Every structure is written in C-alpha cells, then in structure tokens.
Amino acid sequence: MQVPARLPSDWVVLLLAVLGATALAQEVGSREWFEQARRTAATISVPPDTYFEVTYRRYANGDEQLLAKLAAAIADKPEHPLRPEYNELARRLSRGPDVERERVWYFDANRWRISTELDWPFHPRVPWRDAGMDSESPWRLIPDTVTILDANNPSFGYDPAFDKQSAIIAWRFLVTQNIAAGAHWQVGSIERNGDEWTAVLINPEGTRHETYRGTLDQQGRLFIYESVMNRSEDDPKWLGTVTRFTRDEANIMPDLIAGLAPAIALRRESPIGALAPEEWEITKVSRASLEGSPDLVAIPRPGTTDPIRDLSALTGVLDRRNRTAYPVADGVIDRAGAVPIESRQQRRSTFDQWATPVVAVAMVLVVGVLLVLKWKVSNYH
C-alpha cells in the first residue's frame, strides 16, 4: 500500500482540531487540568532528602473588649473552661503573636526529625519539643522526657506518621495552595478573564462553596493567591474565612504540580472569629544531607549526646511499646523503678501527647518507700 505524500486537506483540519482540543483539555487553568492537579495535590508529601524551616505566627483572636468579658467570666474560678482562652488572648494582645519555628530533616519516610522552638510561655517544662523516626521506632522528646511510640499500635492522639505532623501540613498548603481540600468536593464553575482565573469548589451537600482566585504568569503557570469560603450554610461561623498566599519570588520551593506555582507563605483569618489570624512562612529549603547527619534521627538516649538537644535534664523514659515508664537520674535509666502505663483512650491535649502523661517525675528515695513516677498534665493551645 502506498502512503500518500500529503494528507488530504480535510484530514489535516480534523487532525489539527483533535490536537487542539487535546492541548486545550490539558491547558493550565482548565477544568481537566484543575481536577488532575487536585488529585496530584492529595498525594503530595515532602521529597526525600529535604530540609526546610517553617515559622508560624498566631495573632490575637479578639480585642480588649472581649478580654474584659472573659476576665469577668473567669473571675474567682481557677478551673473555668474559658481560662485558657483568656490567657491566650491576654498574652497575644500584650506581647504580639505567638511564634513557633520548626526545622525539618526528611531523609525518607522512615528517617526524619522535626525540631520545634516556642518563643512564648507554652509550659515551663516545654520550651521546645522534637519528634522523629529512626527506622526502629517513632519517638518524641521534651527536655525531661523521651517517649518511644509503638508504630504498629499507636495510642489515640499519638499518630507517628510523618504526613500527620504540622510542618508537613504547612508544606502541603504552600506547595499546593490547598487545592486538594475537601477530598469529595466537586469542581463547580471555572472562569478565566485574561490572566485572571477563578474556580469554585462545592461540598457534596452543596452547603459550602469555596472560591479560589489566581493569576497566570509569563511562564504559563497558575499561582493561586486567595481562597475564600463564600458560602457556609451548615456552619455559618466559617463564612468569609480567607487564606491569602504569597508567591515564592525567590524560587526556593520545588514545583511539585505541573503548571502550579508554589507559595512561600500564607495568612488565614476569619471576619467573625472562627479562627485566630495566623501566618505560615517557609524561610529555608535545602537538602537534609547537607544540613545534618542521618544520626540525628536516632532515638535520644539518656546518658548520651544528641546532635540537636541537651539531654542532661532527662528524668524519664516512656516506652509505649511495652507500656512502661522508667525514671532517669544522672543519665541512667532505673529499670528497677519501672511503672506500668495506664491505658487511656480519651482525647488528649497536645501537651498530653508531648509530655506523655503518665504520672510525674517526683522521685522520693526513702527507706522502705518505692520510687514514684508522676507526670503532670497541662493544656496546650
């Protein structure tokens, strides 16, 4: 069969039409592209061998008038449930936002570490906290306590998965502008006017609409600079909640979704106080192997040195694998003084999760009296 040297003109027209339709379907900002980008965003994590630093600033969610109202409500009532809210508002109004900084070394899913610094009086026992995974077990560390978690049977509130850590949530928000929010939400309208782009996501019940607004750059990438909850019939307090993203002008963030430019920072706030205004910002991205040795993911051990933290203040080890707490003195674990951990299933505060609340560290050595381990519990924001 002889192949014609030239296609008939009507074939050419048809072929160009098909190719044009295919290109249009994958065009950045199109419905097909956005739906695919959402599916990709739902799977995004941190690439192996990544180091990054993220800063959170959480502002006052109220004014002096609200502070006075809370003060009247809790007066002479030390255990009043509004006291933590009063303390937080008073602190943020008087000294500015609570600032939290996290450093992340991610070698792979089984070898990682997150170090967190707090610049506000969270709790006298916890000016900082670390979390890690060393292929053997996930662990948590505060100045006086090492907690070894059971990866195969995590207790409620102790999820050791890397993708559940706060720094990773921030990474996903900024790399994807949170377009995967609401796994079962549907893409409603999509509009483009020149370089301006708008899309609406609708929840399955149709009671919430969230609008995403973006702009296309000269490279043809879309940057979503804002998302707004413009309908919230099932829970009106979220109406008007807005997230504004800052573009990564320095290009330190990786492009993980084809056609979507990542953000470097965001600010979230609600006009009717559903959440406190907060800002997240990634300040550095590098390779984990250039920022620290893989040894820093190892479980911190009493009596040894740690590349990040001073372990000299350790007074207890809590091993959730065998449900046992051990007192520590002068870097030595007292295995004879072990105390079984009580099983609890109720929801715990963040402090509980980190301080690993068993019972507190008060050691009393008296003839005939056993060593008692007691861990104090307090609330975290």
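Whatever comes next refers back to the structure up there.
Since this is a predicted model, take the numbers as computed values, not measurements.

**Notes on the overall build of the chain**
Within the chain, the secondary structure is distributed over seven helices and 19 strands. Taken over 381 residues, the chain has a buried fraction of 44%. Intrachain contacts of the chain at a sequence separation of at least 6 include 56% that bridge at least 24 residues. Of the accessible surface of the chain, which amounts to about 19,800 Å², a share of 54% is contributed by carbon and sulfur atoms.

**Quick word on the nonpolar core**
Counting residues in hydrophobic clusters, the biggest one holds 47 residues, and the most contacted among them are Phe-52 and Ile-179. If you tally residues by element for this core, the top one is helix α5 (residues 166–176), at seven residues. Not counting the four nearest positions on each side in its chain, Phe-52 is found in contact with Val-46, Glu-102, Arg-103, Val-104, Ala-167, Ile-168, Trp-171, Ile-282, Lys-284 and Val-285. Among the nonpolar cores identified, the runner-up in size contains eleven residues, and Trp-128, Trp-139, Leu-311 and Leu-314 belong to it.

**A closer look at the pattern of salt bridges**
Inspection of every chain in the model, using the stated rule, returns 30 salt bridges. For the salt bridge of Asp-130 with Arg-113, the shortest nitrogen-to-oxygen distance reads 2.7 Å. Placement of the pair is Asp-130 in strand β4 (residues 128–134) and Arg-113 in strand β3 (residues 111–118), with a sequence separation of 17 residues. Considered together, Asp-130 and Arg-113 belong to a single accessibility category, that of buried residues. Here Glu-226 makes a salt bridge to Arg-213, at a shortest N to O gap of 2.8 Å. A residue pair is termed long-range when its members are at least 10 positions apart, and Glu-226 in strand β10 (residues 222–232) and Arg-213 in strand β9 (residues 208–216) qualify at 13 residues. In this structure Glu-226 comes out as buried when scored by relative accessible area, which is 13%.

**Describing helix α2 (residues 31–41)**
Burial in α2 covers these residues: Trp-33, Phe-34, Ala-37, Arg-38 and Ala-41. Buried positions in α2, seen along its axis, are confined to an arc of 135° and lie on one side of it.

**Looking at unusual backbone geometry**
A positive phi is found at Asp-76, a non-glycine position, where the angle reads about 60°. Looking at where Asp-76 falls in the secondary structure, it is placed in the loop between α3 (64–74) and α4 (83–95). A positive phi angle, close to 55°, is found at Gln-177, a residue other than glycine.

**What about the pairing of β3?**
Burial analysis of β3 places six of its eight residues in the buried class, the great majority of the element. In terms of strand pairing, strand β2 (residues 98–108) meets β3 through eight bridges, oriented antiparallel. Its bridge partner lying in β3, Glu-102 is registered against Thr-116. Bridging between β3 and β4 involves seven bridges; their strand directions are antiparallel. In the sheet register, Thr-116 faces β4, and the bridge partner there is Arg-129.

**Things to note about the packing of aromatic side chains**
Applying the stated criterion across every chain, the model contains six aromatic pairs. Centre to centre, the rings of Trp-33 and Phe-34 are 6.5 Å apart; their planes meet at 25°, and the pair counts as stacked. A relative accessible area of 0% places Phe-34 in the buried class. Through pairs of rings, three or more aromatic residues link up here, namely Trp-33, Phe-34 and Trp-197. The aromatic ring of Tyr-59 is capped on one face by Arg-267, whose charged end is 5.0 Å from the ring centroid. Directly above the aromatic system of Tyr-326 lies the positively charged group of Arg-335, at a separation of 5.1 Å from the ring centroid.

**Here's the deal with the environment of Gly-316**
Here Gly-316 is to be found in strand β14 (residues 316–319). Judged by its relative accessible area of 0%, Gly-316 is buried. Considering only alpha carbons, one finds Gly-316 and Val-146, 170 residues apart in sequence, at a separation of 6.6 Å.

**As for the environment of Gln-186**
Position of Gln-186 relative to the elements: it lies in strand β7 (residues 186–193). Between the C-alpha atom of Gln-186 and that of Pro-204, which follows or precedes it by 18 residues, the distance is 7.2 Å. Leave out the neighbours within four places in its chain, and Gln-186 touches Val-200, Leu-201 and Ile-202.

Each value, and the rule that gives it
- Residues numbered from 1 in each chain as written.
- Predicted model: local features only at pLDDT ≥ 70, side-chain atom pairs only at ≥ 80, totals over all residues.
- Heavy atoms only, no water.
- Helix = DSSP H or I, 4+ residues; strand = E, 2+ residues; numbered from the N terminus.
- Buried < 20%, exposed > 50% of the residue type's maximum accessible area, 1.4 Å probe, protein only.
- Contact = heavy atoms within 4.5 Å.
- Areas by Shrake-Rupley, 256 points an atom, 1.4 Å probe, with all protein chains shown as cover.
- Core = buried A, V, L, I, M, F, W, Y, C linked by side-chain atoms within 4.5 Å.
- Salt bridge = Lys/Arg side-chain N within 4 Å of Asp/Glu carboxyl O.
- Arc of directions from axis to C-beta.
- Pairing = 2+ DSSP bridges.
- Phe/Tyr/Trp six-rings, centres within 6.5 Å; stacked < 30°, edge-to-face > 60°.
- Lys NZ or Arg CZ within 6 Å of the ring centre and 35° of its normal.

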